[in-house]
Amino acid sequence: MDTFFAEGARVWVRDKEQFHPSTASTCADGSLILTTDYGQVICLQPGEVSRETVYPMHQTSIDGVEDMSTLAELHEAAIMHNLYHRYQKDHIYTNIGSILAAVNPYKPIAGLYDLAAVELYSQHHLGELPPHIFAVANECYRCLWKRHDSQCVLISGESGAGKTESTKLLLQFLSVMSQNSAGTPPSERTTHVEEAIVQSSPIMEAFGNAKTVYNNNSSRFGKFILLHFSQNGNIHGGCIIDCIPLLLAHT
């Protein structure tokens, strides 16, 4: 098959049933030499080059997208490549429709969670700003009043993924929104219910947590956190319930 790729062209190459993001480094005499993003060099002879083994990378995969539901190439390699592409730029949050994917940066990122970020995301609807856990928290807070119904956020991931930290960030955002809620009487502001809920997390972590290969503080159980909001929009109560996965009994 006569397939030509310009020098430096971004392509997908199939190797052992997996697709790898690659760059065409040499293309001469019908042969094709590709360098994957992982440093592997693959040489394909003219008879091995076909649309099934090598094909051009779509522009959405080259540039990266904030919402992966807009990717033109929907396969595992494209998803992982997009997450990695954004991760390299410290964009650790990526939307997948209404789902937020978070990649643990294992380092502080300046300004990502400060009060300015809280204020910014509290003033915009979901999708108007780059993906962020504060955008999810703000959407839940808004929907409490827009739909007059309870809201739920499910946080899931493997050990060390950042579930506990994500929970703290959600509570942090809701705490600020609660304190800033319009018409909150001074008597309720002095109760500091928000601070009590946020500060209870480290206490809960002290029970049942363990050290694993990926995480020095891995939860041995799930947590269900229930918050009660007043008509004013401020938190006036809550509770934390430990949830032991029933699946453990069947392993």
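Residues numbered from 1 in each chain as written. Predicted model: local features only at pLDDT ≥ 70, side-chain atom pairs only at ≥ 80, totals over all residues. Heavy atoms only, no water.

The name given to the protein in an unreviewed UniProt entry is Myosin motor domain-containing protein, and the organism recorded there is Anguilla anguilla. On record in UniProt, under Sequence similarities (unreviewed entry), the comment for the protein is "Belongs to the TRAFAC class myosin-kinesin ATPase superfamily. Myosin family." (UniProt positions renumbered as here; feature names shortened; annotations may be inferred.)

Participant: Explanation requested: unusual backbone geometry in the structure shown.
Facilitator: Across the chain, the bulk of peptide bonds are trans and the bulk of non-glycine residues have phi less than zero. One non-glycine residue, Asp90, lies in the positive phi region at around 65°. Look at Asp90 and you get partly exposed, because its relative accessible area is 32%. The backbone of Tyr106 sits at a positive phi, close to 55°, despite the residue not being glycine. Residue class for Tyr106 comes out exposed when judged on its relative accessible area of 58%. (Buried < 20%, exposed > 50% of the residue type's maximum accessible area, 1.4 Å probe, protein only.)

Participant: Would you take a moment to explain the UniProt feature "binding site: ATP" (unreviewed entry) in the protein for this structure?
Facilitator: The UniProt entry lists Gly157, Glu158, Ser159, Gly160, Ala161, Gly162, Lys163 and Thr164 under the feature "binding site: ATP" (unreviewed entry), expressed in the numbering used here. By the element assignment, Gly157 lies in the loop between helix 4 (133-146) and helix 5 (163-180). On the basis of relative accessible area, Gly157 is assigned to the partly exposed category, the value being 37%. Topologically, Ala161 is positioned in the loop between helix 4 and helix 5. By relative accessible area, which is 28% here, Ala161 ends up partly exposed. (Helix = DSSP H or I, 4+ residues; strand = E, 2+ residues; numbered from the N terminus.)

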